[in-house]
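Listed below are the residues making up each chain.
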Amino acid sequence: ATGVEESPAVAPTALSVHPQPARTGSGAQCRFHVPSGHQGRLLLRDLLGRVRWHRPVSGPEGWAHIPLHGLASGVYILELESAGRTAVIPLLVAR
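Residues numbered from 1 in each chain as written. Predicted model: local features only at pLDDT ≥ 70, side-chain atom pairs only at ≥ 80, totals over all residues. Heavy atoms only, no water.

A. Structural view of a nonpolar patch on the surface. On the surface, Leu47, Val75 and Leu92 cluster together into a nonpolar patch covering about 260 Å² of accessible area. Secondary-structure assignment places Leu47 in the loop between β3 (39–45) and β4 (51–58). (Patch = residues over 30% accessible without salt bridge, like charges linked within 9 Å, V, L, I, M, F, W, Y side chains within 5 Å. Areas by Shrake-Rupley, 256 points an atom, 1.4 Å probe, with all protein chains shown as cover. Salt bridge = Lys/Arg side-chain N within 4 Å of Asp/Glu carboxyl O. Helix = DSSP H or I, 4+ residues; strand = E, 2+ residues; numbered from the N terminus.)

B. Focus on unusual backbone geometry. With omega at -5°, the peptide bond leading from His18 into Pro19 counts as cis. On the secondary structure map, Pro19 appears in strand β1 (residues 14–23). Cis geometry marks the peptide bond from Gln20 to Pro21; its omega dihedral reads 0°. Along the chain, the position of Pro21 falls in strand β1. Phi at Ala83 is positive, roughly 55°, even though this residue is not glycine. Summarising the element assignment, Ala83 is placed in the loop between β6 (74–82) and β7 (85–94).

C. The nonpolar core, seen in detail. Ranked by size, the top nonpolar core spans 22 residues in total, and within it Leu15, Leu42, Leu44, Ile66 and Leu68 carry the most contacts. At the level of secondary structure, the elements contributing two or more residues to this core comprise β1, β2 (27–33), β3, β4, β5 (61–66), β6 and β7. If one sorts the elements of this core by residue count, β7 sits on top with four residues. In this view, Leu44 contacts Arg50, Val51, Arg52, Trp53, Ile66, Leu68, Leu71, Tyr76, Ile77, Leu78 and Leu91; residues no more than four positions away in its chain are not counted. (Core = buried A, V, L, I, M, F, W, Y, C linked by side-chain atoms within 4.5 Å. Buried < 20%, exposed > 50% of the residue type's maximum accessible area, 1.4 Å probe, protein only. Contact = heavy atoms within 4.5 Å.)

D. Representation of the pattern of salt bridges within the structure. Under the criterion given, the structure shown has five salt bridges. The partner of Arg45 in a salt bridge is Glu79, and the shortest N-O contact between them spans 3.0 Å. Taken as a pair, Arg45 in strand β3 and Glu79 in strand β6 lie far apart in primary sequence, 34 residues in all. The partner of Asp46 in a salt bridge is Arg52, and the shortest N-O contact between them spans 3.6 Å. Overall, the relative accessible area of 40% leaves Arg52 in the partly exposed class. Counted as one network, the salt bridges with shared partners bring together Asp46, Arg50 and Arg52.

E. Quick peek at the side chain of Thr24. Positionally, Thr24 belongs in the loop between β1 and β2. Here Thr24 is in contact with Leu68, His69, Leu71, Val93, Ala94 and Arg95, once residues within four sequence places are set aside.

F. Spotlight on the sheet that holds β4. If you trace the seven strands from one edge of the open sheet to the other, you get β4-β3-β6-β7-β1-β2-β5, paired in mixed fashion. Of all the strands in the sheet, the pair left with one neighbour each is β4 and β5. With direction set aside, neighbouring strand axes in the sheet form an average angle of 15°. Looking at chain direction, β3 and β4 are connected through seven bridges and run antiparallel. The residue of β4 that forms the bridge with Gln39 is Ser58. (Pairing = 2+ DSSP bridges. Axes fitted to C-alpha atoms, helices over the stretch in contact; angles between N-to-C directions.)

As structure tokens, then:
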């Protein structure tokens, strides 16, 4: 024994989105992974930090449709919060 107490490893939170750019009429699909036994939350923010869409998720893996109607063309930030971690990726939106 090393005398060092280790906590169990928590799998990383992962996130991907397609297509890039996404069209406002068809939306985007995101794939997520949250640590086993944890809940998570997906958020789409504009560049001012305002939440434009959100949804709770549970894992460990899944897909979510992100509706984009009414959003202006531009760059948005997709976040996945789970188990005290946050994964962040840009989402390009075009009309």
